[in-house]
Structures are given as C-alpha cells and as structure tokens.
Amino acid sequence: MSHLLEGKFALILGIANRWSLAYAIAQAFSREGATLALTYLGERQKQAIEELAKDLCVSTVLPCDVTKDEDLTALADSLSDAGRPLHAVVHSLAFANREDLARPFVDTGREGFLLAQNVSAYSLVAVARATAPLMTEGGSLTTLTYLGATRVVPNYNVMGVAKAALEAAMRYLASDLGERQIRVNAISAGPIKTASARAIKDFSTILDTIQNRAPLRRNTEPGEVADTAVFLASELGRGVTGNVLFVDSGMQVMGF
Ligand code: IMJ
C-alpha cells in the first residue's frame, strides 16, 4: 500500500525544527504523495522551515500565530488561493510557561493557565473554524495530545489541564463537523525527545521507565506517530472520528 495520500492537500501547523513531531508527520505525508502547506511562528523561524520544506512536497510556507485571529484568516485566504480543496489538517502545537511545568500545579496563576489553554487548546477550535470551509470534499483534522490529559504526570501540570480541554474540544468538533464528512481525532504520543520535551527535567529517566515497563519495551518513535497521522488522514481512517489513538508502546494500559 503506497501513496495513501495521493492527490491530497494537507496543512501542517507546528514544525519548529527537524525533531518536531509535525516534521515527522510532514515527511510521512510527503512520502505518501500529499502536497503540503506548512506554517511557522515568527520571522525567526521562517528560514528554518523553508529549509526543511526543500526535501518535502511543500507548495506553501505561511506565517501563523494561532493566538491571532487575523493570522488564521490570512492563512485560510492563502490556502483558498491555492484553488484546490484542503483534505487534511495537522495541529501539533502547545505552549505553557516553563515555570508552570516545574512547580506544584496548585501554584499555577490565572495568566499562565489561560496562556496554556489559549495556545494549546482553543487554537484547535480556531484552526477548525478557519479551515473547515476549505475542506469541501470532507477531510481530517488531527491534533497531538498526551496521557497527562487524563492522568497525573509529574510536572505536566497546566499542560495536562490544557490537553484535557483539547481532547474535549476534539470530541465536540468531531460532532459539529461530522455532517461535512470532516473527521477530528487526537494522537496521544508516548514521550519523545523533541524541543518541547528537552526542557523537561529528568526526561531521560522518563524514557528509561518507558523502555523498562511499556508493553513493547521501547520508546515511541516520531515515525510511528507520523504513520498513525497518515492513517487518520487517509481513506483507511474514514470510519474514525472523535477518538484518541494512543501511539505509546502500550504504556497507557499499565496500572502500575
Ligand atoms: C512536559 C512537561 C512535563 C512532563 C512531560 C512533558 N512529559 C512529556 C512532556 C512527561 C512527554 C512533553 N509534552 C507531552 C508536552 O506537551 C510539552 C509541552 C510544553 C513544553 C514546553 C517546554 C518549554 C516551554 N514551554 C513548554 N510548553 C509546553 O517553555
């Protein structure tokens, strides 16, 4: 089964560098024949993303700060200029203040809480509203989540609450957009050493624990997450919406 995404046009938000899950997803989508639109945050990132785009089947690289409605409107306008329907959107971004991932959750202030919710959860709703009108042939919207949404993971804190909101938003969006044949799902990836994880203290210990205890006795690789994103965006995923798919070496099933 090759070229699962032949003829499809996909938007991928959240590539920061070559270790980003969004980049692994972009590579897998390219491999499967999709044409891509990528977004970057801030002028500083522009060159880096354009450099990464060279090896992929990318038709456009566009700026997008998901906290700015005007950016999302401009993004949708640019995509509609492509003159072809959009088939898939990948939302692979999150942010919380570093301090809020390193002290007791009870000390989370209102501002930090709302920042995490705005960037990491509300953005899915904003992206869905901006892009759904372009998915005139139906499509798939996939976001990235983490086990800390439903279970307490040390230090995940305000991000756990944001991911809980993200997963709930995903289900409500699946309900709203289903009649337009737009499917909405989340992939819950096991810990992977990306830029978002490198900052976390004791991350190597977390990776060791997964390797010793997860059913598959190894850590999750970006390519495994990416291939699941391909499945969801492809015809193979046509019956799947409103779901959280765990790509985590099976760690999620363990009680102790
Ligand atoms: C993040 C914090 C605590 C524990 C964590 C993580 N574990 C994993 C992550 C166990 C796997 C990574 N993760 C799933 C995230 O969603 C990370 C989000 C994040 C990371 C940072 C670091 C740098 C920063 N802000 C951040 N905002 C969100 O300044």
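See the structure above.
In this report, the structure presented in the accompanying data block is examined. (Residues numbered from 1 in each chain as written. Predicted model: local features only at pLDDT ≥ 70, side-chain atom pairs only at ≥ 80, totals over all residues. Heavy atoms only, no water.)

**Here's the deal with helix α8 (residues 222-233)**
When the terminal C-alpha atoms of α8 are compared, their 17 Å separation across 12 residues agrees well with the 16 Å that a helix rising 1.5 Å per residue should span. All buried positions along α8 are accounted for by V225, A226, T228, A229, V230, L232 and A233. For α8, the elements touching its buried residues are α1 (21-31), β4 (88-91), β5 (139-145), β6 (182-189) and β7 (244-247). (Helix = DSSP H or I, 4+ residues; strand = E, 2+ residues; numbered from the N terminus. Expected span 1.5 Å × (residues − 1). Buried < 20%, exposed > 50% of the residue type's maximum accessible area, 1.4 Å probe, protein only. Contact = heavy atoms within 4.5 Å.)

**Overview of the nonpolar core**
Counting 35 residues, the largest nonpolar core has I12, I15, I25, F29, L36 and L38 as the members making the most contacts within it. Put simply, the parts of the chain that give this core at least two residues each are β1 (9-13), α1, β2 (35-40), α2 (43-53), β4, β6, α8 and β7. Among the elements that make up this core, the one with the highest residue count is α1 (eight residues). If near-sequence neighbours (up to four positions away) are discounted, F29 is found in contact with L5, A10, I12, A34, L36, A88, V90, A229, V230 and A233. (Core = buried A, V, L, I, M, F, W, Y, C linked by side-chain atoms within 4.5 Å.)

**Remarks on the site of the ligand**
Residues in contact with the ligand amount to 16 residues; listed here are only the nearest, A96, Y146, Y156, S196 and I200. One of the backbone N or O atoms of A96 is found 2.7 Å from a nitrogen atom in the ligand. In the model, an oxygen atom of the ligand is placed 2.7 Å from a nitrogen or oxygen of the Y156 side chain. Look at the ligand: alone it shows 610 Å² of surface, and the protein chains cover 88% of it. Of the residues assigned to the shell around the ligand, the class counts are 13 nonpolar, two polar and one charged. (Near = heavy atom within 4 Å. Polar contact = N/O pair within 3.5 Å; in protein donor to acceptor, adjacent residues only side chain to side chain. Areas by Shrake-Rupley, 256 points an atom, 1.4 Å probe, with all protein chains shown as cover. Nonpolar A, V, L, I, M, F, W, Y, C, P; charged D, E, K, R; others polar.)

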